[in-house]
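A closer look at the structure
In case you want the letters, here they are:
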Amino acid sequence: MLSSTLPRGEVRIGCIDKGRLIQVSVQDQGIGISPEMHAKVFDRFFRVGDVQVQALSGMGLGLYVTAGIVHRHGGKMWVESEVGKGSTFYFTLPL
């Protein structure tokens, strides 16, 4: 996954055992995503319209493909984000 983390920023990866599920998180310190875009970031070819994001290479397929793989394995994927504060992407998979 291409991260929008700023130079010298951190990307943190976490994993939590939720009983019958495992939950993985990937957190960046990037520019964030507005609430109205949260559901759309998983759409095929979707790219956030922000000028900073448009400058990054990519075709808008990474999250779409990842979400498809997660769903086909019985999991869920979502994002929590706030503009200017970065994003955390989560997915669950059954154990």
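These remarks concern the structure in this document. Quantities reported herein were computed from a predicted structural model and do not represent experimental measurements.

Our next topic: the overall build of the protein chain. Counting secondary structure elements, the protein chain contains two helices and four strands. Order of helices (α) and strands (β) in the protein chain, N terminus to C terminus: β-β-α-α-β-β. Relative to its full complement of 95 residues, the protein chain shows a buried share of 33%. A fraction of 49% describes how many contacts in the protein chain between residues 6 or more apart in sequence connect residues 24 or more apart. Carbon and sulfur atoms provide 57% of the accessible area of the protein chain, an area that totals close to 6500 Å².

Bringing the sheet that holds strand β4 (residues 86-94) into the picture now. Taking strand neighbours across the sheet as the criterion, the four strands line up as β1-β2-β4-β3 in an open arrangement whose pairing is antiparallel. In this open sheet, the two edge strands, each paired with only one partner strand, are β1 (12-17) and β3 (76-82). Going across the sheet, the axis of each strand differs from the next one's by a mean of 15°, ignoring polarity. Direction of pairing for β3 relative to β4: antiparallel, over a ladder of seven bridges. The residue bridging S81 from the neighbouring strand is S87, located in β4. Running over the sheet, helix α2 (residues 62-72) touches β3 and β4 and is turned about 140° from β3.

To continue, consider the pairing of β1. The buried fraction of β1 is low, at zero of six residues. As paired strands, β1 and strand β2 (residues 21-27) are joined by six bridges and run antiparallel to one another. Residue pairing in the sheet places R12 in a bridge with Q27 of β2. With antiparallel pairing between neighbouring strands as the criterion, β1 and β2 make up a hairpin whose turn holds three residues, including G19 at a positive phi of roughly 85°.

Tracing the backbone through its elements, the reader meets K40 in the loop between β2 and α1 (51-54). Considered as a pair, K40 and Y64 are 24 residues apart in the sequence and their alpha carbons are 9.6 Å apart.

Together, Y64, V65 and I69 line one region of the surface with nonpolar side chains, adding up to about 270 Å² of accessible area. Turning to its location among the elements, Y64 is positioned in helix α2. Taking the relative accessible area as the measure of exposure, Y64 reaches 36% and is therefore partly exposed.

Before going further, it helps to spend a moment on the pairing of β2. Both β2 and β4 contribute to a ladder of seven bridges, which runs antiparallel. The residue of β4 that forms the bridge with V24 is F91.

Procedures and definitions
Residues numbered from 1 in each chain as written. Predicted model: local features only at pLDDT ≥ 70, side-chain atom pairs only at ≥ 80, totals over all residues. Heavy atoms only, no water. Helix = DSSP H or I, 4+ residues; strand = E, 2+ residues; numbered from the N terminus. Buried < 20%, exposed > 50% of the residue type's maximum accessible area, 1.4 Å probe, protein only. Contact = heavy atoms within 4.5 Å. Areas by Shrake-Rupley, 256 points an atom, 1.4 Å probe, with all protein chains shown as cover. Pairing = 2+ DSSP bridges. Axes fitted to C-alpha atoms, helices over the stretch in contact; angles between N-to-C directions. Patch = residues over 30% accessible without salt bridge, like charges linked within 9 Å, V, L, I, M, F, W, Y side chains within 5 Å. Salt bridge = Lys/Arg side-chain N within 4 Å of Asp/Glu carboxyl O.

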